[in-house]
Amino acid sequence: MAAASNLQSEDQFLCSICLDVFTDPVSTPCGHNFCKNCITEHWNTSDRCQCPMCNEAFTTRPDLRVNTLFSEMVVQFRQSAQQKTSSSSSEQQVSKPGEVPCDFCTGTKLKALKSCLVCLASYCETHLEPHLTTSRLKKHQLIDPVENLEDRMCMKHDKPLELFCKTDQTCVCMLCLVVDHKMHDVVPVKEEYEGKKAKLGKTEAEIQQMIQKRRLKIQEIKHSVDLSEENADREIAEGVQVFTALKESVERGQANLIKTIKEKQKTTEKQAEAFIKELEQEISELTKRRAEVEQLSRSEDQLHLLQSVQSLKAAPPTKDWTEVSVRPSYEGTVVKAVAQLEETLSKEIKKLLEDELKRVQQYAVDVTLDPDTAHPHLILSDDGKQVNHGDVRKNLPDNPERFSNYVSVLGKQSFSSGRFYFEVQVKGKTKWDLGVGRESINRKGGITLRPKDGYWIICLRNGNEYEAPAGPDVSLSLKSQPQKVGVFVDYEEGLVSFYDVDAAALIYSFTGCYFTEKLFPFFSPCFHDGGKNSAPLIISPVNQAE
């Protein structure tokens, strides 16, 4: 019964100075009890001799006598507490490596449940009880157990680190503020903790978004591989259809065609695998970093968060995957293979090119000329479908979009994805330039019409000289002079092809292009050359034959 009473009022057995169970308890004349060493040390360091509990002053330091009855009660309390600790030790977990041990367990150290930021100590379930039951200790701040509580004290002044210096990005005590950080921007630790915690939450969300973008990119690449495989199957089927009709002399060409397409597909798949592997590695790194940030952002330990956030690992990967894609190159493969056997396969080539032209004509778009880009010497029709060179230079505003030296004009329509096709009549002309240009092309002064400068065109000079300014220029040998030229672009595949519409023949293809900007149709009727080249360039409607 007595033991139970002791346990129910255990705060009576705590010294108000050390806040621990009495050791050698003595009584003052006013009737209050203290540890002998505690009260002695207190009076040794105090200017006045008074009771710490009731503040009763003594003219002379009183003789401290042992309270025999109270001492016996303290002994009983200790024994009861030890028995309670012994019986509960089996239920509590023993501290393991990496876990915070109780600072007050003797012998076997139990796992700490909480750490006190006021006492700078960690407590198991038993030793934590005074902090949960004693009114004075209930005011102390308890957190999840942490090690090295002494790090929370200023090494220079031995005071709690209660402030955060924004100027030096470090935690300081009250004396640091006066001595070393007087003119700095200093805020309470809690205020900085809340700000940093909010930023960590935002960082975690940003990392999660980066992970999601990379997962979507993986899906996009896988989809590109599927489409690439479909294109490969289609190309193989067309090739087989062509070569099946040939004799034994051309069977090697069929095998080579299939091999080439499969090698391109294999290269595409390897490229995709490499992209996916890199993306998955970044996801792994970002996931790991997110876990670190998430764990830190959930911490209730203000000081630990502020000290740890400075030492986070290096910034996560910031590679921009937006423009990364798998760009297989199959267009024209069958055409090139059959062209090598032109002498014996003229009929097959003709049929194949007709089918090819029909296919690209399915992507016909309506193109009109943009007067805001036209050189002042150019004359545009009212419907925006014709352009030719005139003798008189018109007085037009020299806006940034307008060509100032080269007699050129762009289409109003721009394209940044997919496929598009348009046809231009060039009949009766001795000079012209046709193709596409990217949005950022130079439109002032001297212009070089090459892919590296943003132009993918073919041109006619001297009535019968065709070339593709590919850097170096490529001379084009054509069987007949085109009267109508078709321009086809596959943005994702990086392909720009030119066709002789009437002959259903491929004139030239730019392959392996890399487009990142808007593309505009490009037209130049060139100078009229004294009337020899006065015929206009005419954007013609596409006749899609059945």
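Data block above holds the structure.
Notes on the structure follow. (Residues numbered from 1 in each chain as written. Predicted model: local features only at pLDDT ≥ 70, side-chain atom pairs only at ≥ 80, totals over all residues. Heavy atoms only, no water.)

## So, the overall build of the chain
So, step 1. When its secondary structure is counted, the chain shows 11 helices and 22 strands.
So, step 2. Here the chain, with 546 residues, has 43% of them falling under the buried criterion.
So, step 3. At a minimum sequence separation of 6, the contacts of the chain that also span at least 24 residues come to 61%.
So, step 4. For the chain, the accessible surface area stands at approximately 30,200 Å², while carbon and sulfur atoms represent 49% of it. (Helix = DSSP H or I, 4+ residues; strand = E, 2+ residues; numbered from the N terminus. Buried < 20%, exposed > 50% of the residue type's maximum accessible area, 1.4 Å probe, protein only. Contact = heavy atoms within 4.5 Å. Areas by Shrake-Rupley, 256 points an atom, 1.4 Å probe, with all protein chains shown as cover.)

## Considering the packing of aromatic side chains
So, step 1. In this structure the tally under the stated criterion is 14 aromatic pairs.
So, step 2. Here the aromatic rings of Phe 422 and Phe 523 are separated by 5.8 Å at their centres, their planes lie at 50°, and the arrangement is tilted. On the criterion of sequence distance, the pair formed by Phe 422 in strand S13 (residues 419-425) and Phe 523 in strand S21 (residues 519-524) is long-range, its members being 101 residues apart. For the residue pair Phe 422 and Phe 523, the accessibility class agrees, reading buried in each case.
So, step 3. Put simply, the rings of Phe 403, Tyr 455 and Phe 522 pair up and form one aromatic cluster. (Phe/Tyr/Trp six-rings, centres within 6.5 Å; stacked < 30°, edge-to-face > 60°.)

## Thoughts on the nonpolar core
So, step 1. Core analysis: the largest hydrophobic core is formed by 36 residues, its most contacted members being Trp 432, Ile 458 and Phe 523.
So, step 2. Aside from chain neighbours lying at most four places away, what touches Trp 432 is Val 426, Ile 458, Cys 459, Leu 460, Arg 461, Tyr 466, Val 485, Ser 524, Cys 526 and Leu 537. (Core = buried A, V, L, I, M, F, W, Y, C linked by side-chain atoms within 4.5 Å.)

## Let's talk about the sheet that holds strand S7 (residues 163-165)
So, step 1. Read across the sheet, three strands follow the order S8-S7-S9 without closing on themselves; strand pairing throughout is antiparallel. Edge positions in the open sheet fall to strand S8 (170-172) and strand S9 (186-188), since each of these has one partner strand only. Each neighbouring strand pair of the sheet contributes to a mean axis angle of 35°, computed without reference to strand direction.
So, step 2. Sheet analysis places S7 next to S8, joined by three bridges and oriented antiparallel. Considered in S8, the bridge of Phe 164 is made with Cys 171. (Pairing = 2+ DSSP bridges. Axes fitted to C-alpha atoms, helices over the stretch in contact; angles between N-to-C directions.)

## Quick look at helix H2 (residues 36-45)
So, step 1. All of the buried residues along H2 are Cys 38, Ile 39 and Trp 43. The arc that holds the buried residues of H2, viewed along the axis, is 125°, so those residues lie on one side. The outward face of H2, more than 90 degrees from its buried face, is lined by the exposed residues Asn 37 and Thr 45.
So, step 2. Elements in contact with the buried residues of H2: strand S1 (25-27) and strand S2 (33-35). (Arc of directions from axis to C-beta.)

## Details of a negative patch on the surface
So, step 1. A grouping of Asp 226, Glu 229, Glu 230, Asp 233, Glu 269 and Glu 273 is seen on the molecular surface, where their side chains present a negatively charged patch.
So, step 2. For the negative patch, the elements supplying multiple residues, two or more each, are helix H7 (189-244) and helix H8 (251-297).
So, step 3. By residue number, the principal contributor to the negative patch is H7, which donates four residues. (Patch = residues over 30% accessible without salt bridge, like charges linked within 9 Å, V, L, I, M, F, W, Y side chains within 5 Å. Salt bridge = Lys/Arg side-chain N within 4 Å of Asp/Glu carboxyl O. Lys, Arg positive; Asp, Glu negative; His and termini not counted. Charge placed at Lys NZ, Arg CZ, Asp CG, Glu CD.)

## Some thoughts on the sheet that holds strand S6 (residues 142-143)
So, step 1. Here we have three strands laid out as an open sheet, ordered S5-S4-S6, and antiparallel in their pairing. Strand pairing shows two members of the sheet lacking a second neighbour, strand S5 (121-123) and S6, which therefore form its edges.
So, step 2. In this sheet, S5 lies alongside strand S4 (residues 114-116) in antiparallel orientation, the contact comprising three bridges. Considered in S5, the bridge of Cys 116 is made with Ala 121.
So, step 3. On top of the sheet, helix H4 (residues 125-133) reaches S4, S5 and S6; it is set at about 110° to S5, its chief contact.

## As for the side chain of His 157
So, step 1. Here His 157 shows up in the loop between S6 and S7.
So, step 2. Accessibility expressed as a relative area gives 18% for His 157, which makes it buried.

## Some points on the pattern of salt bridges
So, step 1. Counted by the stated rule, this structure contains 14 salt bridges.
So, step 2. In this structure, Arg 359 engages Glu 356 in a salt bridge whose closest nitrogen and oxygen atoms are separated by 2.9 Å. One end of the pair, Arg 359, and the other, Glu 356, are both in helix H11 (residues 346-361), three residues apart, so they sit about a helical turn from each other.
So, step 3. Residue classification places Arg 359 among the buried positions, given a relative accessible area of 13%.

## Notes on the side chain of His 377
So, step 1. Tracing the chain through its elements places His 377 in the loop between H11 and strand S10 (378-380).
So, step 2. A residue is classified by how much of its surface remains accessible, and His 377, at 18% relative accessible area, is buried.

## Focus on the pairing of strand S18 (residues 484-490)
So, step 1. With six of seven residues buried, S18 lies mostly within the body of the structure.
So, step 2. One ladder, built from six bridges, connects S18 with strand S19 (residues 495-500); its direction is antiparallel. When the sheet's bridge partners are listed, Val 485 is paired in S19 with Asp 500.
So, step 3. Counting the residues that bridge the hairpin from S18 to S19 gives four residues, and of these Gly 494 lies at a positive phi of roughly 70°.

## Comments concerning unusual backbone geometry
Both trends apply: most residues other than glycine have a negative phi, and most peptide bonds are in trans.
So, step 1. With an omega of 5°, the peptide bond between Gly 471 and Pro 472 qualifies as cis.
So, step 2. Note on placement: Pro 472 falls in the loop between strand S16 (465-469) and strand S17 (473-476).
So, step 3. Positive phi, close to 55°, is recorded for Gln 169, a residue that is not glycine.
So, step 4. Turning to its location among the elements, Gln 169 is positioned in the loop between S7 and S8.
So, step 5. For Gln 169, a relative accessible area of 34% corresponds to the partly exposed category.
So, step 6. For Asp 529, which is not a glycine, the phi torsion comes out positive at approximately 55°.
So, step 7. In this structure, Asp 529 sits in the loop between S21 and strand S22 (537-540).

## Structural notes on the pairing of S21
So, step 1. Most of S21 sits out of view: six of its six residues are buried.
So, step 2. By the bridge criterion, two bridges tie strand S12 (residues 409-410) to S21 in an arrangement that is antiparallel. Within the sheet, the bridge partner assigned to Leu 410 lies in S21 and is Phe 522.

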